Amino acid sequence: MTTITKSVPPAAQPPARPATVQPWWLRVTHWLNVLAVVVMVMSGWRIYNASPIFPFRFPNEITLGGWLGGALQWHFAAMWLLVANGLIYLTTNAASGRFLRRFFPLTPRGVLHDLFAALRGRLTHDDPRHYNQVQRAAYLFAVLDLVLLVASGLAIWKPVQLGWLCTLFGGFQGARLVHFIAMAGLVGFVVVHVAMVALVPRTLRTMITGR
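All values derive from a computational prediction rather than experimental measurement. Numbering of residues starts from 1 in each chain and follows the order in which that chain's sequence is written. Selection of residues for local features in this predicted model requires a pLDDT of at least 70, selection of side-chain atom pairs for listing and counting requires 80 or more, and totals for whole chains, interfaces and linings are taken over all residues. The side-chain quantities take in all heavy atoms of the structure and omit both hydrogens and water.

Participant: Describe the packing of helix α1 (residues 24-50) against helix α2 (residues 68-96), with residues and values.
Facilitator: Note on geometry: axes are lines fitted to C-alpha atoms, helical ones only across the stretch in contact, with angles between N-to-C directions running from 0 to 180 degrees. A run of DSSP states H or I qualifies as a helix once it reaches four residues; a run of E qualifies as a strand once it reaches two. Both are numbered from the N-terminal end. Where α1 meets α2, the axes come as close as 8 Å, and the angle between the chain directions of the two elements is 150°. With respect to their mutual orientation, α1 and α2 come out roughly antiparallel. α1 and α2 meet at a crossing whose hand is left-handed. Amino acids are sorted into nonpolar (Ala, Val, Leu, Ile, Met, Phe, Trp, Tyr, Cys and Pro), charged (Asp, Glu, Lys and Arg) and polar (every other residue, Gly among them). Of the residues in the contact of α1 with α2, the class split is 20 nonpolar, 10 polar and one charged. Note that the term roughly parallel is reserved for angles under 35 degrees, roughly antiparallel for angles over 145, roughly perpendicular for angles of 65 to 115, and oblique for everything else. With the far helix as reference, a near helix turned anticlockwise by less than a right angle produces a left-handed crossing, and one turned clockwise produces a right-handed crossing.

Here it is, written out as structure tokens:
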């Protein structure tokens, strides 16, 4: 008697989950930095309006605080958030090795090559886990610019207690000028960053979901 056996198909394997592009700690610190920067810039514009160093003022509609005292309170609150959150970001990046993996190697030649490729529409974003050299340079600029903003801001806030720091910037007015230029550089970075996100929308998704 012949026994007929039926082959049983192997159990379907669950689809593999996409690899994590941005870890949870990076996403949290990123969005806290966004909040701190927005509050600091808008309140900083109100503070600037109270004693401008250039012959123009910012429209009150895009400032925060309502008056000088209120703007200072918003500015200092956001400053401490930025400092604490920035230290966590930098420490975790360095300790995990992510800083070296994502931001280096970086060379002037590589930056120019990727920049010209981007201008010709030939720079691909196939793997969001790897930054091209233009991105590396831009993110490093943002980190260094934020450090300069905090240092010059402290020199303005405590010009007597931190006299050595104020002296490094050429005095109180020099610190104000450096602070303003660093702020302008940060706003420029944000504008370019938002434009790049608009061109590659999945980078926003990865910063929200991690994948």
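Participant: So what about the UniProt feature "transmembrane region" (unreviewed entry) in the chain? Which residues, and what values?
Facilitator: UniProt records the feature "transmembrane region" (unreviewed entry) for residues 31-48, 74-92, 137-157 and 177-201 in the present numbering. The straight-line gap between the two end C-alpha atoms of residues 31-48 is 25 Å; of that span, 100% is helix and 0% is strand. Secondary structure across residues 74-92 comprises 100% helix and 0% strand; the distance between its end C-alpha atoms is 27 Å. UniProt positions are given in the numbering used here, feature names are shortened, and annotations may be inferred rather than shown by experiment.

Participant: I'd like to hear about the environment of Val-28, residue by residue, with values.
Facilitator: With respect to the element layout, Val-28 can be found in helix α1. Residue burial is assigned from relative accessible area. The probe radius is 1.4 Å, only protein chains are included, and a residue is buried under 20% of its type maximum, exposed over 50%, and partly exposed in between. Residue class for Val-28 comes out partly exposed when judged on its relative accessible area of 41%. Through-space distance from the C-alpha of Val-28 to that of Met-207 is 9.0 Å; in sequence the pair is 179 residues apart.

Participant: An account of a nonpolar patch on the surface is requested, with residue identities and associated values reported.
Facilitator: Grouping into patches uses exposed residues only, defined as over 30% relative accessible area, and leaves out salt-bridged ones; the cut-off is 9 Å for like charges and 5 Å for nonpolar side chains (Val, Leu, Ile, Met, Phe, Trp, Tyr). Only the protein chains shown count as covering a residue, and every accessible area follows the Shrake-Rupley method with a 1.4 Å probe. Just to be clear on terms, a salt bridge is a Lys or Arg side-chain nitrogen sitting within 4 Å of an Asp or Glu carboxyl oxygen. Together, Trp-31, Val-34, Val-38, Leu-204 and Ile-208 line one region of the surface with nonpolar side chains, adding up to about 420 Å² of accessible area. Every element with two or more residues in the nonpolar patch is listed here: α1 and α8 (202-209). With three residues, α1 is the single largest residue contributor to the nonpolar patch. Mapped onto the elements of the fold, Val-38 is located in helix α1. The exposure class of Val-38 is partly exposed, given its relative accessible area of 41%.

Participant: Explain the packing of aromatic side chains to me, and be specific about the residues and the numbers.
Facilitator: Only centres within 6.5 Å qualify two rings of Phe, Tyr or Trp (six-membered ring in Trp) as a pair; their planes then separate them into stacked at under 30 degrees, edge-to-face at over 60, and tilted for everything else. Taken as a whole and assessed by the stated rule, the structure comprises 12 aromatic pairs. With a centroid separation of 6.1 Å and 5° between ring planes, the pair formed by Phe-54 and Phe-56 is classed as stacked. Judged by relative accessible area, Phe-56 falls into the partly exposed class, the value being 36%. On the numbers, 6.0 Å between centres and 75° between planes, the contact of Trp-80 with Trp-157 is edge-to-face. Here Trp-157 lies in helix α5 (residues 133-157) and Trp-80 lies in helix α2, a separation of 77 residues in the sequence.

Participant: Would you mind going over the packing of α1 against α8 in detail, with residue names and values included?
Facilitator: Across the interface, α1 lies against α8 with an axial gap of 8 Å and an inter-helix angle of 110°. Compared by their axis directions, α1 and α8 come out roughly perpendicular. Contacts from Leu-26, Arg-27, His-30 and Trp-31 of α1 reach α8 at Leu-204, Thr-206, Met-207, Ile-208 and Thr-209. When the residues that make up the contact of α1 with α8 are grouped by side-chain class, the tally is five nonpolar, three polar and one charged. Contacts are residue-level and defined by heavy atoms, with any inter-residue pair within 4.5 Å sufficient.

Participant: So what's going on with the environment of Leu-115? Residues and values would help.
Facilitator: Checked against the element boundaries, Leu-115 lands in helix α4 (residues 108-119). Along the backbone, Leu-115 and Val-134 are 19 residues apart, and their C-alpha atoms lie at a distance of 6.1 Å.

Participant: Go over the side chain of Arg-136 with me, naming the residues and quoting the values.
Facilitator: With respect to the secondary-structure elements, Arg-136 resides in helix α5. In this structure Arg-136 comes out as buried when scored by relative accessible area, which is 13%. At 2.5 Å, the side chain of Arg-136 and the backbone oxygen of Pro-105 are in polar contact. With sequence-adjacent residues up to four places away left out, Arg-136 is seen in contact with Arg-102, Phe-103, Phe-104, Pro-105, Leu-106 and Tyr-131. Pairs of N or O atoms are called polar contacts if they sit within 3.5 Å, as long as, within protein, a hydrogen donor faces a hydrogen acceptor (for residues adjacent in sequence, only side-chain-to-side-chain pairs).

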